[in-house]
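Descriptive analysis of the structure
These are the residues of each chain, in order.
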Amino acid sequence: MVTSVIRAKQLTAGYEKVTVFSDLNTTIKEGKITTIIGPNGCGKSTLLKTIGRILKQQSGNVFLQEQDMKTISTKEIAKQLALLSQNPEAPLQLKVEELISYGRFPHRKNVGTLSNKDIEVIEWAMDITKTTAFRDREIAQLSGGQRQKVWLAMALAQETSILLLDEPTTYLDLAHQLEVLKIVERLNKEHHCTIIMVLHDINHAARFSHEIIAMKDGEIITVGTPKEILEKGTLKQVFNIDARIMIDPDNGAPVCFGYDTFLEQELGEK
Amino acid sequence: MCESMINKMKKPKFVPILIMGTAPLFIVFTIALSILYGTKDIDVTTIWLAITQFDSGNVDHNIIMQSRLPRVLAALLVGAFLAISGAIMQGMTRNYLASPSIMGVTDGSAFVITICMIFYPGMSNFNLIICSMIGSAFGAGIVFGFGSLMRNGLSPVRLAIIGTVIGTFLSSISAALSTYFQISQDMSFWYNAKIHKVDPEVLLLALPFGLVGLFLALYIAKSITILSIGEDISISLGQRTKWVKAISILIVVCLTGTAVALVGKIGFVGLIIPHITRFLVGVDYRFVIPCSAIIGGVFLALCDVGSRFINFPFETPVGVVTSLIGVPFFLYLIRTRGGERRA
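Criteria and thresholds
- Residues numbered from 1 in each chain as written.
- Chains lettered and ligands numbered in written order.
- Predicted model: local features only at pLDDT ≥ 70, side-chain atom pairs only at ≥ 80, totals over all residues.
- Helix = DSSP H or I, 4+ residues; strand = E, 2+ residues; numbered from the N terminus.
- Rg over C-alpha atoms; globule rule 2.2 N^0.38 Å.
- Expected span 1.5 Å × (residues − 1).
- Bend = angle between axes of the 7 residues up to and from the residue.
- Buried ≥ 20, exposed ≤ 12 C-beta atoms within 10 Å, placed from the backbone.
- Pairing = 2+ DSSP bridges.
- Contact = placed C-beta atoms within 7 Å.
- Axes fitted to C-alpha atoms, helices over the stretch in contact; angles between N-to-C directions.
- Left-handed = near helix turned anticlockwise from the far one by under 90°.
- Nonpolar A, V, L, I, M, F, W, Y, C, P; charged D, E, K, R; others polar.
- Parallel < 35°, antiparallel > 145°, perpendicular 65-115°, else oblique.
- Core = buried A, V, L, I, M, F, W, Y, C linked by C-beta atoms within 7 Å.

For chain B, the helix and strand inventory stands at 14 helices and zero strands. For chain B, the N- to C-terminal ordering of α and β elements is α-α-α-α-α-α-α-α-α-α-α-α-α-α. The globule rule puts the C-alpha radius of gyration for 343 residues at 20 Å, and the 21 Å found for chain B is close to it. In terms of overall dimensions, chain B has C-alpha extents of about 70 × 55 × 35 Å along its principal axes.

Structure (structure tokens):
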């Protein structure tokens, strides 16, 4: 049996007076890649941020390894869970290596320089994300794709078993999107990281996830394997699109190869 | 993994060490310069005698011990305090225009000092410092409060506008009040920096506040670096962000409040020094804070020496000198950085 690594119980969250979702329950399985999909504004990023304690919930609980996160110190959480938010912006003069080294923050004592262990992890993070080549450059000199890999390296330097990624492929070209997702896949396969991410591209979600959570209007519509989610009925319900699905003969993942909006009359009839 | 790489990453940084290592030399040089040159040139032997065998009947000795020495020490301290405050504000808010004078902190201090001078004349020096700190907190509170209420109000340029508008407003009320209650003579002290009239007694009182602020600033420096990467990242790395912000504000209020109580409002030191420092030492606040303090102190003390010669033999307010350098720099910053989208 697969155990739950993160569990949300009657979670309510939002921004100031706006509640994005309420009484939400969900369970994330250990060692799996779980992707949250859904239309803009459905609450998928909010859910990820609340799980990652960037956003404080209005009520309800999040359990990390079955322990209420409110009872764990934030530094302890940071040793188990790393979150990469959407479009982070670092001071532009910061050097790549320096930025990545801050990922070691939760593991370090208040004073002192990097230990050998710290440096090993930083080197590993740069190696896996292929950022070693530009370790001495400043953030300002990097392209969008390189920056995203550097941020990913920083999250990896945190050396956590759980990784939360909020739209890690936004603003990247096709090749860089794939590169980032392949790194994610490798982390899951080789290092058994549990990964929870938000993606807009349902084909990427289908190809790289074990499980997909489909959200709409602050509610979880359904949870299932890619084949269960990339299906006409579900995609209609979640995105209101008329999707055409096939199976990619190369990797067996379902692919939405085309879609249309439903005509007004059709909607009117129902 | 190879040993050389480990050593490379552990290698200490050269520039900050150089700045901190040579700091005593620069400070001594600045003090010497400031004591030697002024409206009245005093030779080295007299200075030596004044320090070793002070003669209260000797005019030159009195100039040195009562005016020039306190003056340069005050300039060094105030420059350091303002530069640290600016560095912390810029790091904490990720706003490159943040600084005590632009965000209304110094105006808040002067405002509360005015009020206190009207209603509690003959305040003790200790109370004066406390009032000044309360004023700093008041000014910062209003500006950041307004900024938070407005949509996008915390963006760099907008926060600078809010800060300037509120700062000007507080200054105007202070000016009106001090005219009405006929204390504008006393108050002009705080509006045109009175570095040349610094009270040695206040200087001594200010020292502990400054040291506490400095110590706290160094203690929290690493956390400010993490915060400067971004608030979400900072929380994700396990930092208690609210706590760090609270201590940072406390330091700014403490240091800026003390600085204003000592010499009045001085603009632009808190803005430009952290920028120059980051240009030299990078964005690690463990280096930015101490180096800002050194560069800020020496900069203000040199401006003070310069202020004696712009309109020789009359003194020019030191605020004029810092503004002459600061305003073009400020415009340059808006021009080059203003277009970037920043949190």
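Residues and elements named next belong to chain B. Between its terminal C-alpha atoms helix H2 (residues 14-36) stretches 33 Å, which fits the 33 Å expected from 23 residues at 1.5 Å a residue. At Ala 23, H2 shows its strongest bend, of approximately 45°, with the proline Pro 24 following within four residues. Three or more residues of H2 are buried, namely Pro 16, Thr 30, Ser 34 and Ile 35.

Turning our eyes to something else, we now look at the sheet that holds strand S2 (residues 18-29) of chain A. Residues and elements named next belong to chain A. The four strands lie next to each other as S2-S1-S4-S5, forming an open sheet whose pairing is antiparallel. Of all the strands in the sheet, the pair left with one neighbour each is S2 and strand S5 (67-68). Set on the sheet, helix H1 (residues 44-51) makes contact with strand S1 (4-15), S2 and strand S4 (59-64); between it and S1 the angle comes to about 120°.

This part covers the packing of helix H4 (residues 116-128) of chain A against helix H5 (residues 144-157) of chain A. Residue and element names in this part refer to chain A. Two elements in contact, H4 and H5, have axes whose closest approach is 8 Å; the angle formed by their N-to-C orientations is 145°. Here the hand of the crossing between H4 and H5 comes out right-handed. Where H4 approaches H5, its residues Val 121, Ile 122, Ala 125, Met 126 and Ile 128 are matched on the opposing element by Ala 153, Leu 156 and Ala 157.

Another point: the interface of chain A and chain B. With 26 residues of chain A at the interface, the matching set in chain B holds 20 residues. Across the side of chain A that touches chain B, the residue classes break down as 14 nonpolar, seven polar and five charged.

A few words now on the sheet that holds strand S6 (residues 81-84) of chain A. Residues and elements named next belong to chain A. Spatially, the six strands line up as an open sheet ordered S6-S7-S8-S3-S9-S10, and their pairing is mixed. Only two strands of the sheet have a single partner each, and these edge strands are S6 and strand S10 (219-224). For this sheet the average axis-to-axis angle between neighbouring strands, irrespective of direction, equals 15°. Across four bridges, S6 lies against strand S7 (residues 162-166) in parallel orientation. What sits directly across from Leu 81, in S7, is Ile 162.

Bringing the pairing of strand S8 (residues 194-198) of chain A into the picture now. Residues and elements named next belong to chain A. Across the five residues that make up S8, a large majority, five, are buried. Burial of the side chains of S8 extends over both faces: Thr 194, Ile 196 and Val 198 are buried on one face and Ile 195 and Met 197 on the other. Sheet topology note: the strand S3 (residues 33-37)/S8 ladder contains four bridges and is parallel. Residue pairing for S8: Thr 35 is matched across the bridge by Met 197. Bridge count between S7 and S8: five bridges; the pairing is parallel. Bridging from a neighbouring strand, Asp 166 pairs with Val 198 of S8.

All names here are of chain A. Helix H6 (residues 174-191) packs onto H5 with a crossing angle of 10° between their chain directions and a minimal axis gap of 10 Å. By the angle between their directions, the pair H5 and H6 is classed as roughly parallel. Regarding H5 and H6, the two cross each other, and that crossing is right-handed. Residues Gly 145, Gln 148, Lys 149 and Leu 152 of H5 form the contact with H6, whose own contacting residues are His 176, Val 180 and Ile 183. Its residues placed into classes, the contact of H5 with H6 shows three nonpolar, three polar and one charged.

Let us look at the nonpolar core. Nonpolar side chains in soluble globular proteins tend to be buried together. Grouped together as the largest cluster of nonpolar side chains are 173 residues, with contacts concentrated most on Ile100(A), Leu164(A), Ala74(B), Val78(B) and Ile84(B). Top contributing element to this core by residue count: helix H4 (residues 59-93) of chain B, with 17 residues. In this structure Val78(B) touches Ala259(B), Leu262(B), Val263(B), Ile266(B) and Leu300(B), once residues within four positions along its chain are discounted.

A few words now on unusual backbone geometry. Here Arg94(B), not a glycine, exhibits a phi torsion of approximately 55°, which is positive. Its location among the elements puts Arg94(B) in the loop between H4 and helix H5 (105-119).

Moving on, we come to helix H7 (residues 156-180) of chain B. All names here are of chain B. Counted at 1.5 Å a residue, the expected span for H7 with its 25 residues is 36 Å, and the 36 Å between its end C-alpha atoms agrees. Of the residues making up H7, those classed as buried are Pro 156, Leu 159, Ala 160, Ile 162, Gly 163, Ile 166, Gly 167, Leu 170, Ser 174 and Ser 178. Packed against the buried residues of H7 are H5, helix H6 (125-149) and helix H8 (184-191). Of the residues one or two after H7, Gln 182 is the one with positive phi, at around 55°.

With that settled, consider the environment of Cys116(B). All names here are of chain B. With respect to the secondary-structure elements, Cys 116 resides in helix H5. Sequence separation between Cys 116 and Ile 235 is 119 residues, and the spatial gap between their C-alpha atoms is 40 Å. Ignoring sequence-local partners within four residues, the contact set of Cys 116 consists of Met 123 and Cys 131.

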